[in-house]
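Chain by chain, the residues run as shown.
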Amino acid sequence: MTNSPSLILSILKKIILESGNLLKELANQKMFKGKYIESHFKADADLIIHNKIKSLLEESYPSIPVVSEEDPESWTIKNSEYFLIDPIDGTSSFINGFDGWVTQIAYMKNYTPIVSVIFCPKLNLLYSSIKEKGAYLNGAKLKVSKMSKLVSIIDNYPKPIPFIKKIMSELCIRKYIECGSISLKTCMVADNSCTLFVKDMNPKAWDLASPYLILKEAGGFLSDMHGKKICFNSPNESYSGLIATTSISSIKKVSEAIKSINIRN
């Protein structure tokens, strides 16, 4: 089968919708059993959807490896072409009955996301993109607003945690939005639901590759917390936090604000 990005996108959309709808059924059936591995809770549904997506990908593209958060043996892959999947991004939201979780796939080539699909089943949001061809939400093209002022920030708690409060104070941001998964929060910058997402943690490539392409193709920017460019040199690569926002100048403002906060602390 041809590896043209447009055909890959068409197939990935079908796979992500089928897998996402299965996840929605599992959520409705309260299939929340699982276990903690280190500090991360792994629901049984993570593995069910991993197996579903992997099987469907291998049916269409048997020669392209599949790398998944749920398959540690796949993390050491040396290929520069592979599918990178995160069966459930926002597992905590999934198991606690919140809507803000997604399932996602990125087609990677030469260590770069070329095609991305992200589906939020509970909210019926399908984000998609092809490198240099734009980003879309349910078929409508996305374009970030280039306003100079950051007016809203998003995180996954009911109220801003102390670190986010400091960011809001430093940058005079008044509006706070609550949402679940890393990927969905990044996409909400791309669709102009908010202007800034900052996270002080260590995301992996499977967390960021798919939303990175959505945001980039919408005209936004994603960096680590120091303003350093995100690169995808390894499927298991981790990053020093993240900043997702609408412009390079905003990346600089936020990274400088974080530096100032850290110095004072």
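Our structure's up above, just so we're on the same page.
Undergrad: I'd like a description of the sheet that holds strand 4 (residues 81-89), backed by residues and values.
TA: Strand order in this open sheet of seven strands is 3-4-5-6-7-8-9, and the pairing throughout is mixed. Edge strands, defined here as strands with exactly one partner in the open sheet, are strand 3 (66-68) and strand 9 (140-141). By the bridge criterion, three bridges tie strand 3 to strand 4 in an arrangement that is parallel. When the bridges of strand 4 are listed, Val-66 appears paired with Phe-83.

Undergrad: Could you give an account of the layout of surface pockets, naming the residues involved and the relevant values?
TA: For the second largest pocket, the calculated volume is near 410 Å³. Taken together, 23 residues form the lining of the second largest pocket, with Tyr-212, Lys-216, Leu-222, Lys-229 and Ile-230 sitting closest to its centre. The residue inventory of the lining of the second largest pocket, partitioned by class, reads 12 nonpolar, seven polar and four charged.

Undergrad: How would you explain the environment of Ser-10 if you had to name every residue and give the values?
TA: Secondary-structure assignment places Ser-10 in helix 1 (residues 5-28). Note: C-alpha distance between Ser-10 and Glu-73 (63 residues apart in sequence) is 28 Å.

Undergrad: Explain the packing of helix 5 (residues 182-190) against helix 6 (residues 205-217) to me, using residue names and the numbers behind them.
TA: Helix 6 packs onto helix 5 with a crossing angle of 10 degrees between their chain directions and a minimal axis gap of 9 Å. Taken together, the axes of helix 5 and helix 6 lie roughly parallel to each other. For the pair helix 5 and helix 6, the contacting residues are Ile-182, Ser-183, Thr-186, Cys-187, Val-189 and Ala-190 in the first and Asp-207, Leu-208, Pro-211, Ile-214 and Leu-215 in the second. Taken together, the residues of the contact of helix 5 with helix 6 break down into eight nonpolar, two polar and one charged.

Undergrad: Can you lay out the nonpolar core for me, pointing to particular residues and giving the numbers?
TA: Membership of the largest hydrophobic core comes to 40 residues, with the highest contact counts inside it found for Tyr-127 and Phe-232. At the level of elements, strand 4, strand 5 (102-109), strand 6 (112-120), strand 7 (125-130), strand 8 (135-137), helix 5, helix 6 and strand 14 (242-245) are the ones that each hand at least two residues to this core. At seven residues, helix 6 tops the list of elements feeding residues into this core. Counting 30 residues, the second largest nonpolar core, distinct from the first, contains Leu-12, Ile-15, Val-115 and Ile-130.

Undergrad: Please set out the packing of aromatic side chains residue by residue, giving values where relevant.
TA: Within the structure shown, the criterion is met by six aromatic pairs. With 5.6 Å between their ring centres and 45 degrees between their planes, Phe-83 and Tyr-107 make a pair best called tilted. One end of the pair, Phe-83, is in strand 4; the other, Tyr-107, is in strand 5, and 24 residues separate them in sequence. Of the two residues examined, Phe-83 and Tyr-107, each falls in the buried class. Between the aromatic rings of Phe-232 and Tyr-239, the centroid separation amounts to 6.1 Å while the plane-to-plane angle is 70 degrees, which identifies the pairing as edge-to-face. Classification of Phe-232 by relative accessible area gives buried; the value is 3%. Aromatic rings pair up to connect Tyr-61, Phe-83 and Tyr-107 into one cluster.

Quick notes on the rules
- Residues numbered from 1 in each chain as written.
- Predicted model: local features only at pLDDT ≥ 70, side-chain atom pairs only at ≥ 80, totals over all residues.
- Heavy atoms only, no water.
- Pairing = 2+ DSSP bridges.
- Helix = DSSP H or I, 4+ residues; strand = E, 2+ residues; numbered from the N terminus.
- 1 Å grid on protein atoms, 1.4 Å probe; cavity = no way out; pocket = protein on both sides within 12 Å on 5 of 7 lines; lining within 4 Å.
- Points joined across faces, edges and corners; volume = space filled by probe spheres on them.
- Nonpolar A, V, L, I, M, F, W, Y, C, P; charged D, E, K, R; others polar.
- Axes fitted to C-alpha atoms, helices over the stretch in contact; angles between N-to-C directions.
- Parallel < 35°, antiparallel > 145°, perpendicular 65-115°, else oblique.
- Contact = heavy atoms within 4.5 Å.
- Core = buried A, V, L, I, M, F, W, Y, C linked by side-chain atoms within 4.5 Å.
- Buried < 20%, exposed > 50% of the residue type's maximum accessible area, 1.4 Å probe, protein only.
- Phe/Tyr/Trp six-rings, centres within 6.5 Å; stacked < 30°, edge-to-face > 60°.

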